[in-house]
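# Residue-level structural notes
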Amino acid sequence: MIRPKPPITLAACLLALAPILATTARADTVTVFAAASLTTALAEIEAGFEAASGHDLVTALAGSSSLARQIQQGAPADIFISASADWMDQIEADGLIEPGARFDLLGNRLVLVSHGDAAPRNIGPDLDLAALLGEGRLAMALVDSVPAGIYGKAALQNLGLWQSIAPQVAQADNVRAALAFVATGEAPYGIVYATDATAEERVTIVGTFPEDSHPPIVYPVADLANRDTPAENAFLAYLRSPEARAVFERQGFTVLAR
């Protein structure tokens, strides 16, 4: 006896199309690897971009060195925003970014922060940072690999302060982790970006490092060379938009892109 075939339902059609629909959805998703210091700004930009474009944005936030190594190892990122030109240079030298798809997006400042209230200090060669720390620790991002730590160590060395406090440095995986050490009181002082200090109510900016005491803090952005989609191009354009500029400036960044 031949049994009649059941009618094809809408649910069955959607089930059959699921792999195709999933592929289409992925094509409209932009995966951004970005420096941890962009955490607060990118959360706001993500909402604005998704509302304006209809595309989805996925962000992975960590130290620029860690993200760059992941990209070198084949991590599926579309856009890289680094807090260091050096790490972007390495990615570019490896042929991992689209030709001509790199530009400088932001600038930042380096500051000394304290847990809770503290008297302001002039950051210079005469600062007795060791006395300020006492028995406490100075929180910094990894000083040999993470941009904020590299900038901070360079500034302390140029000011002649590094040797006296090096044994008291508590290193963290990224600048937001260093900020957390100070915010929770695990370290009485730390060196972070000005924008990080703005995002955390439990710390006070004690002083700002002279700009000539460390290399310029520049955030380059690039489209990675794994694929090129309208969604990626839309996000790069959005980073240059008045809406994104307002977000970055509100967080304390200097906007370099035009």
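Note that this is a predicted model, so its numbers are computed, not measured.

Let us look at the overall build of the chain. Summing up its helical and strand segments, the chain has eleven helices and eleven strands in all. Counting contacts in the chain only where the partners sit at least 6 residues apart, residues at least 24 apart contribute 78% of the total. Of the accessible surface of the chain, which amounts to about 12500 Å², a share of 55% is contributed by carbon and sulfur atoms.

We now examine the packing of helix 3 (residues 64–72) against helix 4 (residues 85–93). Viewed as axis vectors pointing N to C, helix 3 and helix 4 meet at an angle of 5°, and their least axial separation amounts to 10 Å. The orientation of helix 3 relative to helix 4 falls into the category roughly parallel. In this structure, helix 3 uses Ser-64, Ser-65, Ala-68, Arg-69, Ile-71 and Gln-72 to contact helix 4, whose residues at the interface are Trp-87, Gln-90 and Ile-91.

With that settled, the discussion passes to helix 10 (residues 230–239). Of the positions making up helix 10, those classed as buried are Ala-231, Glu-232, Phe-235, Leu-236, Tyr-238 and Leu-239. The buried side chains of helix 10 occupy one side of the element, clustering within an arc of 160° when seen end-on.

Here we come to the packing of aromatic side chains. Two descriptors summarise a pair of aromatic rings, namely the distance from one centre to the other and the angle between the planes of the rings. Under the counting rule described, the total for this entry stands at six aromatic pairs. Ring geometry for Tyr-219 against Phe-253: centres 5.6 Å apart, planes inclined by 90°, an arrangement best described as edge-to-face. Placement of the pair is Tyr-219 in strand 10 (residues 218–224) and Phe-253 in the loop between helix 11 (242–250) and strand 11 (254–255), with a sequence separation of 34 residues. In this structure Phe-253 comes out as buried when scored by relative accessible area, which is 5%. Seen in terms of ring centroids, Phe-248 and Phe-253 are 5.9 Å apart; in terms of plane orientation they differ by 85°. Their pairing is edge-to-face. Grouped by ring-pair contacts, the aromatic residues Tyr-151, Tyr-193, Tyr-219, Phe-248 and Phe-253 constitute a single cluster. Its end group placed over the ring of Phe-103, Arg-240 keeps NZ or CZ at 3.7 Å from the ring centre.

Parameters at a glance
Residues numbered from 1 in each chain as written. Predicted model: local features only at pLDDT ≥ 70, side-chain atom pairs only at ≥ 80, totals over all residues. Heavy atoms only, no water. Helix = DSSP H or I, 4+ residues; strand = E, 2+ residues; numbered from the N terminus. Contact = heavy atoms within 4.5 Å. Areas by Shrake-Rupley, 256 points an atom, 1.4 Å probe, with all protein chains shown as cover. Axes fitted to C-alpha atoms, helices over the stretch in contact; angles between N-to-C directions. Parallel < 35°, antiparallel > 145°, perpendicular 65-115°, else oblique. Buried < 20%, exposed > 50% of the residue type's maximum accessible area, 1.4 Å probe, protein only. Arc of directions from axis to C-beta. Phe/Tyr/Trp six-rings, centres within 6.5 Å; stacked < 30°, edge-to-face > 60°. Lys NZ or Arg CZ within 6 Å of the ring centre and 35° of its normal.

As far as function goes, none of this settles anything; it's purely spatial.
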